[in-house]
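Residues per chain are reported as follows:
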Amino acid sequence: MTDRPDDATFMRRAIALSRAKMQAGAGGPFGALVVSDGRIVGEGWNQVTSANDPTAHAEIVAIRAACRTLGTFALSGARLYTSCEPCPMCLAAIYWARIGQVFYANSQGDAAAIGFDDAFLYRELALPADRRALPLRRMLAGEAIRVFEEWQAKPDKIPY
């Protein structure tokens with residue numbers, strides 16, 4: 001995908017959201033929007049502290065809004081504009097949503113310099129599960145696999 005003349009306009013909107021909502025006390029200085037077919041279909045800003053939701057990052061909020069607007073869970077071909085390089089959680093959500101391209105302004109390093117450092121998460125994700133700081137313990141796999149088997153056989157499932 002190539003840059004379009006309105007890319008800077010959309011990025012400026014994401015930056016403006018980050019400033020306005022940060023100043024209003026909604027959360028950290030992050031804003032994002034999803035654009036499909038040249039129009040904004042979802043906007044988001046950091047709401048972690050105002051919503052008491054650690055997943056309410058700007059990108060996640062924008063993706064949720066875009067999916068509601070378009071009535072779909074797949075945002076194939078959409079563009080996401082975010083005031084800061086996405087964290088690992090947001091990046092995973094962007095992949096799951098099948099967004100076609102991401103534009104960002106501030107970098108991971110810029111975020112780390114003001115106290116939003118995701119380096120620990122990137123290091124943890126690179127480790128095997130048994131070496132991570134968060135203990136993961138598998139249990140009742142024999143019972144849980146039956147639900148997966150039912151899903152596999154379900155004739156009216158919607159794959160995603």
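**Points about the overall build of the protein chain**
So, point 1. The helix and strand tally for the protein chain stands at six helices and four strands.
So, point 2. Counted from the first residue to the last, the protein chain has its helices and strands arranged as α-β-β-α-β-α-β-α-α-α.
So, point 3. With the C-alpha coordinates aligned to their principal axes, the bounding extent of the protein chain is approximately 50 × 40 × 30 Å.
So, point 4. In the protein chain, buried positions account for 32% of the 160 residues.

**Some words on the pattern of salt bridges**
So, point 1. Under the counting rule described, the total for this entry stands at three salt bridges.
So, point 2. The shortest N-O distance in the salt bridge between Arg13 and Glu43 comes to 2.7 Å. One end of the pair, Arg13, is in helix H1 (residues 7-23); the other, Glu43, is in strand S2 (residues 39-45), and 30 residues separate them in sequence.
So, point 3. Residue class for Arg13 comes out partly exposed when judged on its relative accessible area of 34%.
So, point 4. On the basis of relative accessibility, which here comes to 24%, the residue Glu43 falls in the partly exposed class.
So, point 5. Where Asp156 meets Lys154, a salt bridge forms, and the shortest distance between an N and an O atom there is 2.6 Å.
So, point 6. The exposure class assigned to Asp156 is exposed, which follows from its relative accessible area of 52%.

**Things to note about the packing of aromatic side chains**
So, point 1. For the structure on display, the rule yields four aromatic pairs.
So, point 2. Seen from their ring centres, Phe30 and Phe116 are 4.9 Å apart, and the 90 degrees between their planes marks the pair as edge-to-face. Linking Phe30 in the loop between H1 and strand S1 (31-36) with Phe116 in the loop between helix H4 (108-113) and helix H5 (119-126), this pair joins segments that are 86 residues apart in sequence.
So, point 3. We classify Phe30 as buried; its relative accessible area is 14%.
So, point 4. Ring geometry for Tyr81 and Phe103: centres 4.8 Å apart, planes at 5 degrees, overall stacked. With Tyr81 in strand S3 (residues 79-84) and Phe103 in strand S4 (residues 101-106), this pair connects stretches of sequence that are 22 residues apart. Phe103 carries the same exposure label as Tyr81, and that label is buried.
So, point 5. These aromatic residues form a ring-pair network of at least three members: Phe10, Tyr81 and Phe103.
So, point 6. Above the face of the Trp45 ring, Lys21 is positioned so that its terminal group lies 4.2 Å from the ring centre.

**A word on the state of the cysteines**
So, point 1. The tally for this structure, following the rule as stated, stands at zero disulfides.
So, point 2. Counting only cysteine sulfurs, Cys87 is the nearest neighbor of Cys84, a cysteine outside any disulfide, at a range of 9.0 Å.

**With respect to the pairing of S1**
So, point 1. In terms of burial, S1 is largely enclosed, as six of its six residues are buried.
So, point 2. Residues Gly31, Leu33 and Val35 of S1 are buried on one face, and the alternating residues Ala32, Val34 and Ser36, pointing to the opposite face, are buried as well.
So, point 3. By the bridge criterion, six bridges tie S1 to S2 in an arrangement that is antiparallel. Counted as the bridge partner of Ser36 is Arg39 from S2.
So, point 4. The loop that links S1 with its antiparallel partner S2 comprises two residues; one of these, Asp37, has a positive phi angle of about 50 degrees.
So, point 5. Examined bridge by bridge, S1 and S3 share four bridges and lie antiparallel to one another. Residue pairing for S3: Leu33 is matched across the bridge by Tyr81.

About the cut-offs
Counting restarts for each chain: residues are numbered from 1 in the order of the written sequence. This being a predicted model, a pLDDT of at least 70 is required before a residue's local features are given, and a value of 80 or more before pairs of side-chain atoms are given or counted; all residues contribute to the totals for chains, interfaces and linings. Each side-chain value is derived from all of the structure's non-hydrogen atoms; neither hydrogens nor water enter the calculation. Each helix is a run of DSSP H or I of at least 4 residues and each strand a run of E of at least 2, with the numbering of both proceeding from the N terminus. Categorising residues by exposure relies on relative accessible area from a 1.4 Å probe, with only protein chains included: less than 20% of the type maximum marks a residue as buried, more than 50% marks it as exposed, and the intermediate range marks it as partly exposed. Salt bridge, as used here: a side-chain nitrogen of Lys or Arg that lies within 4 Å of a carboxyl oxygen of Asp or Glu. When two rings of Phe, Tyr or Trp (its six-membered ring) have centres within 6.5 Å they constitute a pair, described as stacked for plane angles under 30 degrees, edge-to-face for angles over 60, and tilted for the intermediate range. Two limits define a charge over a ring: the Lys NZ or Arg CZ must be within 6 Å of the ring centre, and within 35 degrees of the ring normal. Two cysteine sulfurs form a disulfide in these notes if their separation is within 2.5 Å. Any two strands with at least two DSSP-identified bridges between them are counted as paired.

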